Amino acid sequence: GMLLGGSFIVDYNYSDYNEGNIDFESITEYDKEELYLLNIQHSADIIIILSDILSYVSTIESIELIYNKYDKNTKRVPNPDIPAVQSIQLLMLARVAYTAISFIRYQHLYERKINGEFDFSLEPNVNANISNILRTLGTYYALIAAIGIYNRDISQPIIGI
């Protein structure tokens, strides 16, 4: 992967599949687009893992911060708000990517349905879009809350976000 503008963009090496008998020339435009979307989704999945790691660090630092109140020999005072905010920032980035992918996939299915190439209901995709919007909004408010707590009192651990 590489780092661009503070965001992780993972370039998955699809050449790993060269060992099979895949004729890359014959891949349809639809499947090329799906591979492109899956590549973005793969990147968002990795961002979620990094977000979870930062959330874990924040929790451990919150525990350490509370114990430090009762330790007369405290040498290090962690600030768990920093990894908590970073965690939610990464989560927000991934949620936006997932939402965009969901809407792009819906648009593709809608076009296929109009052309008579897709016989199933689009309702599950509509529900996925609604879910992604709500989850992204929830993450946005969690980010505002985390930043507000960080700005209010840097020594108060963020618990439950």
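The rules we used
- Residues numbered from 1 in each chain as written.
- Predicted model: local features only at pLDDT ≥ 70, side-chain atom pairs only at ≥ 80, totals over all residues.
- Heavy atoms only, no water.
- Core = buried A, V, L, I, M, F, W, Y, C linked by side-chain atoms within 4.5 Å.
- Buried < 20%, exposed > 50% of the residue type's maximum accessible area, 1.4 Å probe, protein only.
- Helix = DSSP H or I, 4+ residues; strand = E, 2+ residues; numbered from the N terminus.
- Contact = heavy atoms within 4.5 Å.
- Salt bridge = Lys/Arg side-chain N within 4 Å of Asp/Glu carboxyl O.

1. Considerations on the nonpolar core
Consideration 1: Membership of the largest hydrophobic core is limited to seven residues, which are A44, I47, I48, L90, A94, A97 and Y98.
Consideration 2: Looking at this core, the elements that each hand over two or more residues are α1 (29-68) and α2 (81-114).
Consideration 3: For this core, the element with the highest residue contribution is α2, accounting for four residues.
Consideration 4: Excluding residues that lie within four positions of it along the chain, A94 makes contacts with A44, I47 and I48.
Consideration 5: Core analysis: the second largest hydrophobic core is formed by six residues, V85, I88, M92 and A142 among them.

2. So, the pattern of salt bridges
Consideration 1: This model, assessed by the stated rule, comprises five salt bridges.
Consideration 2: We note a salt bridge from K32 to E29, for which the minimum N-O separation is 3.5 Å. Of the two residues, K32 and E29 both sit in helix α1, three residues apart, roughly one turn of that helix.
Consideration 3: Assessed through its relative accessible area of 59%, E29 is described here as exposed.
Consideration 4: As a salt-bridge pair, R112 and E117 come within 4.0 Å of each other at their nearest N and O atoms.
Consideration 5: If you follow the salt bridges from partner to partner, you end up with E61, E64 and R76 in one network.

3. A closer look at the environment of Y30
Consideration 1: Tracing the backbone shows Y30 in helix α1.
Consideration 2: Taking C-alpha positions, Y30 is 8.6 Å from H108, a pair spaced 78 residues apart along the chain.
Consideration 3: Leave out the neighbours within four places in its chain, and Y30 touches H108, L109 and R112.

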